[in-house]
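# Geometric and topological summary
Residues per chain, in single letters:
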Amino acid sequence: MSNVDNLSQAIAASDKIDTATKEMLQTFLEMNRTGLEQLGPALGAAFFRTLNEQGPAPAFDLVAQSLTQDQLIALLTATGAEMAALADEQAARAAAVRQFTSSLAETALTLLIRTLIAAL
């Protein structure tokens, strides 16, 4: 089990976090899983501790200062790949909706033409 999974379980079990915040944190963890796992346990723990105590800007500054250039490139590459996958997924959904709408319009037009022909 990864640190992200452990953190996710801790968030789910917490009685100090409201449901909406839990859902937001779970979504954040899942969307950034690869990047967070690349941070490693110590830096990941420091990131979330800083995020909790000081907010997002200092937490991300901590990560930026702690990574080597190669680690930063790997993190950005992984994040870019995840964002590209999300964009591809959204594009596929949009294409499916367009296709469904087009089929629906064709069916409606066909029914309208048949009704007009039958009325003549």
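I will try to describe carefully the structure that is included in this document. Since the model is a prediction, treat every value here as computed from it, not as a measurement. (Residues numbered from 1 in each chain as written. Predicted model: local features only at pLDDT ≥ 70, side-chain atom pairs only at ≥ 80, totals over all residues. Heavy atoms only, no water.)

### Section: helix 1 (residues 3–13)
- Taken together, the buried positions of helix 1 are occupied by Val4, Ser8 and Ile11. Taken around the axis of helix 1, the buried residues stretch over an arc of 65°, which confines them to a single face. (Buried < 20%, exposed > 50% of the residue type's maximum accessible area, 1.4 Å probe, protein only. Helix = DSSP H or I, 4+ residues; strand = E, 2+ residues; numbered from the N terminus. Arc of directions from axis to C-beta.)

### Quick look at the packing of helix 1 against helix 2 (residues 19–31)
- Look at helix 1 against helix 2: their axes get within 10 Å of each other, and the N-to-C directions meet at 175°. The angle between the axes of helix 1 and helix 2 places the two elements in the roughly antiparallel class. Across from Val4, Leu7, Ser8, Ile11 and Ala12 in helix 1, the residues of helix 2 making contact are Lys22, Leu25, Gln26 and Leu29.
- By residue class, the composition of the contact of helix 1 with helix 2 is 6 nonpolar, 2 polar and 1 charged. (Axes fitted to C-alpha atoms, helices over the stretch in contact; angles between N-to-C directions. Parallel < 35°, antiparallel > 145°, perpendicular 65-115°, else oblique. Contact = heavy atoms within 4.5 Å. Nonpolar A, V, L, I, M, F, W, Y, C, P; charged D, E, K, R; others polar.)

### Some details on the environment of Asp5
- Inspection of the secondary structure assignment puts Asp5 in helix 1.
- Given the relative accessible area of 25%, Asp5 is considered partly exposed.
- The spatial distance from the C-alpha of Asp5 to the C-alpha of Arg33 is 9.0 Å, given a sequence separation of 28 residues.

### Looking at the layout of surface pockets
- In this model, the largest pocket occupies a volume close to 260 Å³.
- Around the largest pocket, the lining residues are Leu7, Ala10, Ile11, Ser14, Ile17, Thr21, Leu25, Phe48, Leu51 and Asn52.
- When contributions to the lining of the largest pocket are tallied by element, the ones reaching two or more residues are helix 1, helix 2 and helix 3 (33–54).
- Class assignment of the residues belonging to the lining of the largest pocket gives a composition of 7 nonpolar, 3 polar and no charged. (1 Å grid on protein atoms, 1.4 Å probe; cavity = no way out; pocket = protein on both sides within 12 Å on 5 of 7 lines; lining within 4 Å. Points joined across faces, edges and corners; volume = space filled by probe spheres on them.)

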